[in-house]
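# Per-entry structural report
What follows is each chain in one-letter form.
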Amino acid sequence: QVQLVESGGGLVQPGGSLRLSCAASGRLFSIHAMGWYRQVPGKERDLVAVILSGGSTNYANSVKGRFTISRDNAKSTVYLQMNLLKPEDTAVYYCNIVVNGVPSDSWGQGTQVTVSS
């Protein structure tokens, strides 16, 4: 079972930037697609970005042009660079492996991102 540890969240002003990191355990990291998700209280967890094992990426429309997902297979780590942050980006952000478009049942603790002046 893969274990995931997210970090890098914090409080940032609108228009600012943050870089999230997700360290994954397990030797099979490189073969899996990885996704970043976010959740606000009372709502479902939504997919923000996904990166396939070969490096192809897809983004939710709400973050296209502002967020960039990347991965370092040697470090078993996936990143989310978030620029031009908006108050509506405020959420707890999680990463997960993605198999056939579905995240695994194993979630990390997440990292809180708050965008506020």
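Residues numbered from 1 in each chain as written. Predicted model: local features only at pLDDT ≥ 70, side-chain atom pairs only at ≥ 80, totals over all residues. Heavy atoms only, no water.

### Brief notes about the overall build of the chain
Looking only at helices and strands, one finds zero helices and eleven strands in the chain. When the elements of the chain are put in sequence order from the N terminus, they spell out β-β-β-β-β-β-β-β-β-β-β. Here the chain has a C-alpha radius of gyration of 13 Å; the compact-globule value for 117 residues is 13 Å, and the two agree. When the 117 residues of the chain are sorted by exposure, 40% land in the buried category. Considering only contacts within the chain whose residues lie at least 6 apart along the sequence, 53% involve residues at least 24 apart. With 10 positive and 7 negative side-chain charges, the chain shows a separation of 6 Å between the mean positions of the two kinds. (Helix = DSSP H or I, 4+ residues; strand = E, 2+ residues; numbered from the N terminus. Rg over C-alpha atoms; globule rule 2.2 N^0.38 Å. Buried < 20%, exposed > 50% of the residue type's maximum accessible area, 1.4 Å probe, protein only. Contact = heavy atoms within 4.5 Å. Lys, Arg positive; Asp, Glu negative; His and termini not counted. Charge placed at Lys NZ, Arg CZ, Asp CG, Glu CD.)

### Topic: the side chain of Asn 96
When you line up the elements, Asn 96 lands in strand E9 (residues 91–99). Under the relative-accessibility criterion, Asn 96 is labelled buried at 0%. Within the structure, the side chain of Asn 96 is placed 2.6 Å from the side chain of Ser 104, a separation counted as a polar contact. Once residues within four sequence positions are removed from consideration, Asn 96 is found in contact with Leu 4, Ala 33, Met 34, Gly 35, Tyr 37, Pro 103, Ser 104, Ser 106 and Trp 107. (Polar contact = N/O pair within 3.5 Å; in protein donor to acceptor, adjacent residues only side chain to side chain.)

### Some thoughts on the pairing of E9
Where burial is concerned, most of E9 is hidden: seven out of the nine residues are buried. Pairing analysis gives three bridges linking E9 to strand E11 (residues 111–115), with the strands arranged antiparallel. Within E11, the position partnered with Ala 91 by the bridge is Val 113. In this structure, E9 lies alongside strand E10 (residues 102–103), joined through two bridges in antiparallel fashion. By the bridge assignment for E10, Val 98 is matched with Pro 103. Between E9 and the antiparallel strand that follows it, E10, lie two residues; Asn 100 among them carries a positive phi value of about 55°. (Pairing = 2+ DSSP bridges.)

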